Amino acid sequence: MNPAVTETVNDSIFAHDHHLPGQKLPTDIPEDLLRKTPLNLPNASELDVLRHYTRLSQKNFSIDTQFYPLGSCTMKYNPRIAHALASLPGFARLHPDTPAPAMQGLLQVLWELQEWLAAATGMAAVSLTPAAGAQGELAGVAMIRAYHLARGDTGRNKMLIPTAAHGTNPASAQMAGFEVIEIPNLPDGDLDMAALDAHLGPDVAGIMLTNPSTLGVFERRIAEIARHVHAAGGLLYYDGANLNAILGRVQPGQMGFDVMHLNLHKTFATPHGGGGPGAGAVAVQERLRPFLPLPTVLQEPHGALRWMSIEDLPQSIGQLSAHGGNIGVLLRAHAYLRRLGRSGVGRVSAYAALNANYLLKELQRLGYQAAFPERRASHEFILSVSDLHKATGVRALDVAKRLLDFGIHAPTIYFPQLVPECLLIEPTETESKATLDRFVAVMAQIRQEALEQPELLREAPHHLPVGRLDEALAARKLDVSAAPE
Amino acid sequence: MSKIPESLRYSSTHEWVEDLGDGRYRVGITDHAQALLGDLVYAEVPEIEKNLQAGTVCGVLESVKAAADLYAPIDGKVLERNEALNDSPQLLNEDPYGQGWMMVVAAESSAYAGLMDAAAYANIAEA
């Protein structure tokens, strides 16, 4: 914008210059708080910015471009139709403060989703409001706490958590004020019942379980665990992290769980792994219904729908979001379930388990060691490359880095911490056999390289824009400053 | 195999304890522990004066692979902490029994005597 132009050309169009006029600084800012140097803002043309971000996006590994067997994360295809439906203007342009009588369509969708999730999990009631898995967990353990306190049972301050539980559980229990007691798992992956019984007592609020566990195996004695915990007055919390493995097959409610959360963004068709937004709906048995977080959707006897308030649910653990949670994620979950139907939901877990067990057998055939060779995999499984590490010094990290050279996202490594040099592999139900077979072929080549030229792995990746990073240096000398040093 | 000095005593949670005399004991993590954790990037050592209870969490260790709890190997009170670990957590990897020490605690000699000797710890570490 050349000011000389507006001065010399008398044309009214130039009177609508959209740039803000220069603002004078307020005079009451202390001198020592004023910047001495100009703010270091990038100064690039719009086209250069567009190219910059497009180029960055092309460097991304993503589920849309590559196989992404990141164990414990369920990186599956999210059908585009779910997003298309959630983006309909009637939903997307609806103001959150619209009075309930004018938003019956959205409330109908949310109410149906509550009902469907309750049916799918074998629970009595659902609140969709938690905005992420971690918030769902916190809401769940807060409800356990509220339940005991409402009964005057004030001494229950311990939460039992198996070593094979999802990694976030101890943090949620601690945030809710519980002392965390770790219960070991046996060498076959099941919970150590003797250790469980030794800790059960009048000071135990409950147990947080993931089933199948993060060891990639189904907890076979879950009914017995539920009996023992309930007999001791505790409640069972189900972490929905691995719900993909059991969807439509077995319900947490049947297993004896009292409360659970579902990662709707993960299992029900929202792209995830990028930091949100998510949805961590919670489902409860009848005795925990009074404590559900708000708002939830209520159907009146005559059929009209409205948000429930604290007047409806005075014992609620409280309001967890201003407007019913992350509606976009909830809409996609509804669309996804609607498309799948009752039989389709069961096929999700069937193919997730089939793909995982097919990969496990093929990789075992190549010589890779399964962490639990006598167990059938759930929807994911663990390999340990301890044998390679002993033979040639190659570590799980090196195998993971080498996979990147073949355009495959690395599996989860070094988690769970129980298994040394482990790879946690989750192919998901949406990968074709051809993709799985290519992964097997690449893993065969990597195993051969590990044995014959281990330095090739230790220096990988070789074909990416950035080579092997010094992870320890990066973590020890954190540099997150925007200003040039 | 990892180093397990004969002169120290050990906990099942992979800490070593050195008798400095006068009821003072130096504490760190074992060579086996640092090898399992990998490159350490952060260590949170309990504050001075803090009372420790054997077998309970008293700090945090973070490596590029994992975050792990630090357990107190012995009942006692923290007298000194190794401030050098704030800037150089790699000392835990490079010299776990020397410059990578974590704290000095005041404790009873009977508690120290209850810890494992090197041979007993070797059975755990190399199992």
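Residues numbered from 1 in each chain as written. Chains lettered and ligands numbered in written order. Predicted model: local features only at pLDDT ≥ 70, side-chain atom pairs only at ≥ 80, totals over all residues.

In the annotation of an unreviewed UniProt entry, chain B is listed under the name Glycine cleavage system H protein and assigned to Acidithiobacillus sulfurivorans. UniProt lists a comment for chain B under the heading Subunit (unreviewed entry), and it reads "The glycine cleavage system is composed of four proteins: P, T, L and H." (UniProt positions renumbered as here; feature names shortened; annotations may be inferred.)

By the naming in an unreviewed UniProt entry, chain A goes by Probable glycine dehydrogenase (decarboxylating) subunit 2 and is assigned to Acidithiobacillus sulfurivorans. Looking at chain A in UniProt, the text filed under Sequence similarities (unreviewed entry) is "Belongs to the GcvP family. C-terminal subunit subfamily." The record held by UniProt for chain A lists under Cofactor (unreviewed entry) the comment "pyridoxal 5'-phosphate".

Chemist: An account of the overall build of chain A is needed here, citing residue identities and associated values.
Modeler: Across its full length, chain A holds 17 helices and 13 strands. Each of the three principal axes of chain A carries a C-alpha extent, and together these read 90 × 70 × 50 Å. For chain A, the residues scored as buried account for 41% of the 485 residues in total. Sequence-distant contacts in chain A: of pairs separated by 6 or more residues, those separated by 24 or more amount to 72%. (Helix = DSSP H or I, 4+ residues; strand = E, 2+ residues; numbered from the N terminus. Buried ≥ 20, exposed ≤ 12 C-beta atoms within 10 Å, placed from the backbone. Contact = placed C-beta atoms within 7 Å.)

Chemist: Quick rundown of the UniProt feature "modified residue: N6-lipoyllysine" (unreviewed entry) in chain B? Include the residues and the values.
Modeler: UniProt's feature table lists "modified residue: N6-lipoyllysine" (unreviewed entry) at K65 of chain B, given in the numbering used throughout. Residue placement: K65 of chain B occurs in the loop between strand 6 (57–63) and strand 7 (67–71).

Chemist: Kindly report on the sheet that holds strand 8 (residues 76–81) of chain B, identifying the contributing residues and their values.
Modeler: One key point about sheets: their strands pair by backbone hydrogen bonds, in either a parallel or an antiparallel sense. Taken together, the six strands give an open sheet; going across it, the order is 1-2-3-9-8-5 (chain B), and neighbouring strands pair in antiparallel fashion. Looking at which strands have only one partner, the edges of the open sheet turn out to be strand 1 (9–10) and strand 5 (51–52) of chain B. (Pairing = 2+ DSSP bridges.)

Chemist: Which residues make up the interface of chain A and chain B, and what values do they have?
Modeler: Listed per partner, the contact involves six residues of chain A and seven residues of chain B. Grouping the amino acids of the side of chain A that touches chain B by side-chain chemistry returns three nonpolar, one polar and two charged. (Nonpolar A, V, L, I, M, F, W, Y, C, P; charged D, E, K, R; others polar.)

Chemist: Got a sec to walk through the UniProt feature "domain: Glycine cleavage system P-protein N-terminal" (unreviewed entry) in chain A? Specific residues and values, please.
Modeler: Annotation from UniProt places "domain: Glycine cleavage system P-protein N-terminal" (unreviewed entry) at residues 27–290 of chain A. Helix makes up 35% of residues 27–290 of chain A and strand 11%, and the two end C-alpha atoms of the span are 55 Å apart.

Chemist: I'd love a proper account of unusual backbone geometry, names of residues and values included.
Modeler: The amide bond that connects N211 of chain A to the next residue, P212 of chain A, takes the cis arrangement and shows omega of 0°. Structurally, P212 of chain A can be placed in the loop between strand 4 (204–209) and helix 9 (222–231). A cis amide bond, omega 5°, links A460 of chain A with the succeeding residue P461 of chain A. As for its position among the elements, P461 of chain A is in the loop between helix 16 (454–458) and helix 17 (471–476). With a phi close to 70°, T428 of chain A is a non-glycine residue in the positive phi region. Along the polypeptide, T428 of chain A turns up in the loop between strand 13 (422–425) and helix 15 (433–452). Residue classification places T428 of chain A among the buried residues on the basis of 23 C-beta atoms within 10 Å. Positive phi is not limited to glycine here, since H14 of chain B has a value of about 70°.

Chemist: Outline helix 6 (residues 133–150) of chain A, supporting the account with residue identities and numerical values.
Modeler: Residue and element names in this part refer to chain A. A rise of 1.5 Å per residue sets the reference length of helix 6, with its 18 residues, at 26 Å; its end C-alpha atoms lie 25 Å apart and thus fit the reference within 8%. Extensive coverage of helix 6 is indicated by the burial of 13 of its 18 residues. Count one or two residues on from helix 6 and you reach G152, which has phi positive near 75°. (Expected span 1.5 Å × (residues − 1).)

Chemist: Talk me through the nonpolar core; I want residue IDs and the actual numbers.
Modeler: Core analysis: the biggest nonpolar cluster contains 118 residues, and M143, Y237, V259, L330, A333, V399 and L423 of chain A have the highest contact counts within it. When residues of this core are sorted by domain, at least three fall in each of domain 1 (80–339) and domain 2 (344–471) of chain A. If near-sequence neighbours (up to four positions away) are discounted, L423 of chain A is found in contact with I382, L383, V385, A396, V399, A400, P411 and I413 of chain A. One finds V45, L61, L70 and L91 of chain B within the second-largest nonpolar core, a separate group that totals 33 residues. (Core = buried A, V, L, I, M, F, W, Y, C linked by C-beta atoms within 7 Å. Domains from an automatic or database assignment.)

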